[in-house]
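Here's the letter readout for the chains.
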Amino acid sequence: MNAFDTQIGGTHYSKYKIQPTEFLITNRIKFAEGNAIKYILRHEDKEGIKDILKAIHYIAMIVETIYPDEKEIQKRIAFVL
């Protein structure tokens, strides 16, 4: 047994063939991108629309950090939040 075979604090990731964290680590996905993926995956099994809004928030951080000149996109994302 390894750490990826268990989940603490629920079972909302157990339906997947691979834990999201294992996928993110294996693929070297950055923190903000990984959190957006995590919240999108779990929204139906955990906190619903709140998780979708968390994912959008992380996506907004990615846009502001990596695409700082995309002001129109930033306004559209801010409108959602």
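Residues numbered from 1 in each chain as written. Predicted model: local features only at pLDDT ≥ 70, side-chain atom pairs only at ≥ 80, totals over all residues. Heavy atoms only, no water.

Residue-level account of the overall build of the protein chain, with values.
Counting its secondary structure elements, the protein chain contains 4 helices and 0 strands. Its helices and strands taken in sequence order, the protein chain reads α-α-α-α from the N to the C terminus. Taken over the C-alpha atoms alone, the protein chain extends approximately 45 × 25 × 15 Å along its principal axes. Buried positions account for 23% of the 81 residues belonging to the protein chain. Residue pairs in contact within the protein chain that sit at least 24 positions apart in sequence constitute 33% of those at least 6 positions apart. Total accessible area on the protein chain stands at roughly 6100 Å², and carbon and sulfur atoms take up 59% of it. Here the protein chain holds 12 positive side-chain charges and 11 negative ones, and the gap between their average locations is 2 Å. (Helix = DSSP H or I, 4+ residues; strand = E, 2+ residues; numbered from the N terminus. Buried < 20%, exposed > 50% of the residue type's maximum accessible area, 1.4 Å probe, protein only. Contact = heavy atoms within 4.5 Å. Areas by Shrake-Rupley, 256 points an atom, 1.4 Å probe, with all protein chains shown as cover. Lys, Arg positive; Asp, Glu negative; His and termini not counted. Charge placed at Lys NZ, Arg CZ, Asp CG, Glu CD.)

How would you summarise the packing of helix 3 (residues 49-66) against helix 4 (residues 71-80) if you had to cite specific residues and measurements?
At their nearest, the axes of helix 3 and helix 4 sit 10 Å apart, and the two run at 160° to each other. The orientation of helix 3 with respect to helix 4, classified from their angle, is roughly antiparallel. Relative to helix 4, helix 3 is oriented so that their crossing is left-handed. The segment helix 3 lies against helix 4, with Leu53, Ile56, Ala60, Val63 and Glu64 engaging Ile73, Gln74, Ile77 and Val80. Its residues placed into classes, the contact of helix 3 with helix 4 shows 7 nonpolar, 1 polar and 1 charged. (Axes fitted to C-alpha atoms, helices over the stretch in contact; angles between N-to-C directions. Parallel < 35°, antiparallel > 145°, perpendicular 65-115°, else oblique. Left-handed = near helix turned anticlockwise from the far one by under 90°. Nonpolar A, V, L, I, M, F, W, Y, C, P; charged D, E, K, R; others polar.)

Which residues make up the nonpolar core, and what are the values?
Counting residues in hydrophobic clusters, the biggest one holds 6 residues: Ala32, Ala36, Tyr39, Ala55, Tyr58 and Ile62. Counting residues per element, the ones that place at least two in this core are helix 2 (31-42) and helix 3. Apart from the residues lying within four places of it in its own chain, the contact partners of Ala55 are Ala36, Tyr39 and Ile40. (Core = buried A, V, L, I, M, F, W, Y, C linked by side-chain atoms within 4.5 Å.)

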